[in-house]
Amino acid sequence: MRLFVTGPTGSGKTTFAARVAKEAALPLYSLDDLHWIRHPDGDRRRAPEERLALLWPLAQQSRWVMEGVQFKWADPALDNAEKIVVLDLPRWRNTVRIVRRFLSRRRF
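Residues numbered from 1 in each chain as written. Predicted model: local features only at pLDDT ≥ 70, side-chain atom pairs only at ≥ 80, totals over all residues. Heavy atoms only, no water.

1. Some details on the layout of surface pockets
Cut-off, in case you're wondering: As defined here, a cavity is a set of points on a 1 Å grid over the protein atoms alone where a 1.4 Å probe fits but cannot get out. A pocket is an open set with protein on both sides within 12 Å along at least five of seven lines, and residues line them when an atom is within 4 Å of a point. Grid points are joined across faces, edges and corners, and a volume is the space filled by probe spheres set on the points. Under the DSSP-based scheme used, a helix requires at least four consecutive residues in state H or I and a strand at least two consecutive residues in state E, with every element numbered from the N terminus.
Here the largest pocket is characterised by a volume of approximately 450 Å³. If you trace the largest pocket, you find 17 residues lining it, with T9, K13, T14, D32 and R101 closest to the centre. Of all the secondary structure elements, the ones that give two or more residues to the lining of the largest pocket are α1 (13-24) and α5 (91-105). With four residues, the top contributor of residues to the lining of the largest pocket is α5.

Next comes the structure, spelled out in structure tokens:
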């Protein structure tokens, strides 16, 4: 199975995708991990060609769960997905989750 999970920030994409991947014993890929180069001094966006070079071989695999919101460059994954799940929660719930996430990551 190739499952693409998307939705707005705070909708639970990562949690849902991780649960499905674990239960189905599928590899899990996050578009954020392809989009960003993580660094202690601040994250940096990858160049579009670099993102696509990373995404293309993953999207060609026969089994995966992929999650993210980067529609502008995620076409290879969307084209190869057998199922697409769109998480659509009420806006207030997304806002609460985003604020909660921000506060939990903040160091006072």
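Moving on from the coordinates now.
2. Let's talk about the pattern of salt bridges
Short version of the rule: The salt bridge criterion pairs a side-chain nitrogen of Lys or Arg with a carboxyl oxygen of Asp or Glu, the two atoms within 4 Å. For the exposure calls, accessible area comes from a 1.4 Å probe over protein chains only, and a residue counts as buried if that area is under 20% of its type's maximum, exposed if over 50%, partly exposed in between.
The full count for this structure, using the stated rule, is three salt bridges. For R2, the salt bridge goes to E82, with nearest N and O atoms at 3.7 Å. With R2 in strand β1 (residues 2-6) and E82 in the loop between α4 (75-80) and β6 (83-86), the pair connects residues that are 80 residues apart, well separated along the chain. Across the salt bridge formed by R46 and E50, the nearest N and O atoms sit 3.2 Å from each other. For R46, a relative accessible area of 18% gives the class buried. By relative accessible area, which is 32% here, E50 ends up partly exposed.

Function cannot be read off these values alone, since they describe shape.
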